[in-house]
Amino acid sequence: PGGSVVMRTSATPWGPWSGKQVVASGADYPQLYGSFIHPWSADSNSPYLYFAMSQWQPYNVFLMRVRLTGGGMAGGSPADFDGDQKDDVVTFTQDDRADVYVARSTGDGFDGREVKWNDHFAPGGETPLTGDFNGDRKDDVVTFTHGANADVYVAASDGKSFGTGQKWHDHFAPGREVPAVGDFDGDGIDDIITFSREDTADVYVALSDGGTFGAGQKWHDDFAPWAQFPAVGDVDGDGLDDIVAFTQDAGNDVYVALNEGGRFGAPYKAHDHFAPEGERPRVADVNGDGHDDLVTFTGGEAADVYVALSDGAVFGGGQKWADFFAPDGEFPYVGDYDGDGNADIVTFTHNDLADVYVNVSNGRDGFVDGRKWHDFFGLAGETTL
C-alpha cells in the first residue's frame, strides 16, 4: 500500500516472494520513507525484525521492530471458551497492558463490548493460541514466549474468565519457530507442536497430561522447511491430528504427514495447487464429515475464499465458497460459530471500525449469510483468533 513500509518473505533470495505485509503504516507514521534492515535482525533466536525508518516530519531516523512470530501463521484452533459447542472470538492486546478480551457466540452474533477475561497474558513478542489443555471441554489460552527462555504458559478457562497464567513448559518453540495446537494422542486433551522450519525442518510435540506439557519429542525431521506454511488438522478422521504444509512456491503444493501414534509418517502430496503465495490458508472441517479440509483466503481485489474437501487421504479440487471476504488488511480465521458442526469463517477488519464479519458454512458448497457479528472487537495491532 502507498505510504507504508511493507515486507515480503521468501525461502531464497530469488523468490518466489510472498504477498505484501504492512510493517509500518503511513497512517501511524506520516511521511515515512527510507527503511533499511538493522543487523540485530540477524539473531535467529529473536522473534523480532528490526529496521531503521525515516520520517520527513520530524526529520529524523527511528529504530523500529516488528514481531515475526504468531498471527499470520495460524492455521486454526478451537475457541469454545464457555463449553456451549459454539466457538467464540478472542483478542490479545499484546501491548503494555497485555489484556485478553473474549466475545462469546450466541449462535448468530458475538456478545459483549469489552469483556476482559485476563489482565496480563501474552505480552508483545509472544504467540498466543487456544485449545482445551485440561480436558474440561472449555478451551483455554496458551502463549509461547520464544526467545532464549522459550517458556509456555497456559491460562485455563472457567467459562467466564481465564485464570492466572501458569508455566506448563520451560523450553518449547524457541526463536522464530511456529507453534500450533492439536490433539496428537487422541485423549481429548489438546497438546502443542512446533515447526522449526529453516534447514532443519524438525517437528516437535509436547503432550498435555491435563496440568502440564511433557518433554518435547521429535515427531518428524523434515517437514515444512523455510517459508512453507505449517498447519494442523485431522485429515483422515481417525481422532489423531496430522500435520499439513502449504509450500506457497512455484508449485503451490500441499503435503500431509499422517499421525501414526508417537510420530508423523512420510509426507505425501495431498493437493497439487492450493493457496498460492500471498494467500492465507487455514485447516478446518467445513462439511462436518470428521475430516479436516483446506480453506484459503485470496485477499487482493477479488478476496475470494476457496475450499478443498478431504476424502480422508487427499483433498479434492478447489471450489469457490465465498466471493468477497477478508480483503487485504483484515485477518481471517475459522471456527464453528453457530454450533452446527460445520466450520465457518470469520474476519476481523483491524481498522478504526474494528468490525467482525462471519459467513456460516452450509455444509455443502458455500459460506453464506455473511453479515456483521460484532461492531467493535480486535483493534489494529492486536492478535485475534
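Above: the structure in question.
Now for a description of the structure that goes with this document. No experiment lies behind these values; they were computed from the predicted model shown.

### Some words on the packing of aromatic side chains
Line of reasoning, step 1. In total, this model carries 18 aromatic pairs according to the counting rule given.
Line of reasoning, step 2. Look at phenylalanine 144 and phenylalanine 172: their rings are 6.5 Å apart centre to centre, the planes differ by 35°, and that puts the pair in the tilted class. Note that phenylalanine 144 is positioned in strand β10 (residues 140-144) and phenylalanine 172 in the loop between β12 (166-169) and β13 (178-182), a separation of 28 residues in sequence.
Line of reasoning, step 3. Exposure remark for phenylalanine 144: the relative accessible area of 0% places this residue in the buried category.
Line of reasoning, step 4. For phenylalanine 172, a relative accessible area of 3% gives the class buried.
Line of reasoning, step 5. Geometrically, the ring pair formed by phenylalanine 184 and phenylalanine 264 is edge-to-face, given 5.9 Å between the ring centres and 85° between the ring planes. Linking phenylalanine 184 in the loop between β13 and β14 (191-195) with phenylalanine 264 in the loop between β19 (254-257) and β20 (268-271), this pair joins segments that are 80 residues apart in sequence.

### A short note on the sheet that holds strand β27 (residues 356-361)
Line of reasoning, step 1. Pairing in this open sheet of four strands is antiparallel, and the strands run β25-β26-β27-β28 from one edge to the other. The open sheet is flanked by β25 (331-335) and β28 (367-374), the only strands paired with a single partner. Going across the sheet, the axis of each strand differs from the next one's by a mean of 25°, ignoring polarity.
Line of reasoning, step 2. With four bridges joining them, strand β26 (residues 344-348) and β27 adopt antiparallel strand pairing. Looking at the pairing, threonine 347 lines up with tyrosine 357 of β27.

### A short note on the nonpolar core
Line of reasoning, step 1. Residues Phe110, Val142 and Phe213 are the most contacted members of the largest nonpolar core, which totals 41 residues.
Line of reasoning, step 2. When residues no more than four places from it in sequence are discounted, the contact partners of valine 142 are Phe121, Thr127, Pro128, Leu129, Thr130, Phe133, Val152, Tyr153, Val154, Val181 and Phe213.

### A few points about the pattern of salt bridges
Line of reasoning, step 1. Under the counting rule described, the total for this entry stands at twelve salt bridges.
Line of reasoning, step 2. Here lysine 86 and aspartate 84 are joined by a salt bridge, their closest N and O atoms 3.4 Å apart.
Line of reasoning, step 3. Take lysine 86: its relative accessible area is 18%, and that puts it in the buried class.
Line of reasoning, step 4. Lysine 116 is paired through a salt bridge with aspartate 99; the nearest N and O atoms lie 3.6 Å apart. Highlighted residues: lysine 116 in strand β8 (residues 116-118) and aspartate 99 in the loop between β6 (89-92) and β7 (100-103), separated in sequence by 17 residues.
Line of reasoning, step 5. Looking at aspartate 99, the relative accessible area reads 4%, which means it is buried.
Line of reasoning, step 6. Each of Asp95, Arg97, Asp99 and Lys116 takes part in one network of salt bridges that share partners.

Parameters at a glance
Residues numbered from 1 in each chain as written. Predicted model: local features only at pLDDT ≥ 70, side-chain atom pairs only at ≥ 80, totals over all residues. Heavy atoms only, no water. Phe/Tyr/Trp six-rings, centres within 6.5 Å; stacked < 30°, edge-to-face > 60°. Helix = DSSP H or I, 4+ residues; strand = E, 2+ residues; numbered from the N terminus. Buried < 20%, exposed > 50% of the residue type's maximum accessible area, 1.4 Å probe, protein only. Pairing = 2+ DSSP bridges. Axes fitted to C-alpha atoms, helices over the stretch in contact; angles between N-to-C directions. Core = buried A, V, L, I, M, F, W, Y, C linked by side-chain atoms within 4.5 Å. Contact = heavy atoms within 4.5 Å. Salt bridge = Lys/Arg side-chain N within 4 Å of Asp/Glu carboxyl O.

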